[in-house]
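# Reading the structure
Listed below, chain by chain, are the residues.
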Amino acid sequence: MEEILSKKDIGERIRVLRLTNGLSQAFIANILNLSRSNYSQIELGNQYPTFNTLHEIARYYSKTYDWLLHGEEPAKTAAEHPAKIDLIINDLETSFRSFTMSLKRLEQELNHIKSRRAKVRA
């Protein structure tokens with residue numbers, strides 16, 4: 001039975017995007033927080049990208065999920081563009097909140113380490 005979504009086709013589209021942009025597998029793997037070998041397996045079509053990986057690839061190359069998964073762009077209407085901008089804004093706001101929370105946790109951890117260090121020295 002033929003796969004609905006071909007790992008080989010998805011991997012090939014992702015590989016072509018990377019090569020068209022003159023990027024190495026190691027560079028993209030680093031952006032995606034994957035090992036180079038894991039990323040290579042996606043390009044070779046030996047495994048599907050996770051949803052998060054697919055999302056990051058789509059964002060990085062400004063492609064749609066439809067294009068990455070099926071090789072086709074859906075027909076776009078003029079009314080869809082503001083919605084896309086709203087999605088991008090929401091995505092950026094969510095990323096910013098997550099980044100801010102991560103920075104706060106890092107600051108707390110740093111303060112905790114400094115506190116422990118000061119107690120050891122005393």
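Structure: see above.
Attention in this report is confined to the structure presented alongside it.

You will see that Asn-33, though not glycine, has its phi angle at about 60 degrees, which is positive. Considering the arrangement of structural elements, one finds Asn-33 in the loop between α2 (25-31) and α3 (36-44). In this structure, Ser-62 is a non-glycine residue whose phi angle is positive, near 55 degrees. Among the structural elements, Ser-62 can be located in the loop between α4 (51-61) and α5 (65-70).

Turning our attention to a nonpolar patch on the surface. A surface patch of nonpolar side chains, amounting to about 250 Å² of accessible area, comprises Phe-27, Ile-31 and Tyr-60. Among the secondary structure elements, Ile-31 is positioned in helix α2.

Compared with an ideal rise of 1.5 Å per residue, which puts 14 residues at 20 Å, helix α1 (residues 7-20) spans 20 Å between its outermost C-alpha atoms and is within 8% of the ideal. Taken together, the buried positions of α1 are occupied by Ile-10, Gly-11, Arg-13, Ile-14, Leu-17 and Arg-18. Looking straight down α1, one finds that the buried residues subtend no more than 160 degrees of arc, so they occupy a single side. Those residues of α1 hidden inside the fold are in contact with α2, α3, α4 and α5. The distance from a side-chain oxygen at the start of α1 to the backbone nitrogen of Lys-8 is 3.3 Å, and the residue carrying that oxygen is Ser-6. Once α1 ends, the next one or two residues include Gly-22, with phi positive near 65 degrees.

With respect to the helices, strands and loops of the structure, Ser-6 is situated in the segment before α1. For Ser-6 and Asn-46, which are 40 residues apart along the polypeptide, the C-alpha to C-alpha distance reads 10.0 Å. There is a polar contact of 3.1 Å between the side chain of Ser-6 and the backbone nitrogen of Asp-9.

What follows is about the side chain of Glu-43. In this fold, Glu-43 is placed in helix α3. Of note is the side chain of Glu-43, whose polar atom sits 2.5 Å from the side chain of Arg-18. Separated by 2.7 Å, the side chains of Glu-43 and Tyr-39 make a polar contact.

The rules behind each value
- Residues numbered from 1 in each chain as written.
- Predicted model: local features only at pLDDT ≥ 70, side-chain atom pairs only at ≥ 80, totals over all residues.
- Heavy atoms only, no water.
- Helix = DSSP H or I, 4+ residues; strand = E, 2+ residues; numbered from the N terminus.
- Patch = residues over 30% accessible without salt bridge, like charges linked within 9 Å, V, L, I, M, F, W, Y side chains within 5 Å.
- Areas by Shrake-Rupley, 256 points an atom, 1.4 Å probe, with all protein chains shown as cover.
- Salt bridge = Lys/Arg side-chain N within 4 Å of Asp/Glu carboxyl O.
- Expected span 1.5 Å × (residues − 1).
- Buried < 20%, exposed > 50% of the residue type's maximum accessible area, 1.4 Å probe, protein only.
- Arc of directions from axis to C-beta.
- Contact = heavy atoms within 4.5 Å.
- Polar contact = N/O pair within 3.5 Å; in protein donor to acceptor, adjacent residues only side chain to side chain.

Everything listed is a geometric property; what it means functionally is a separate question.
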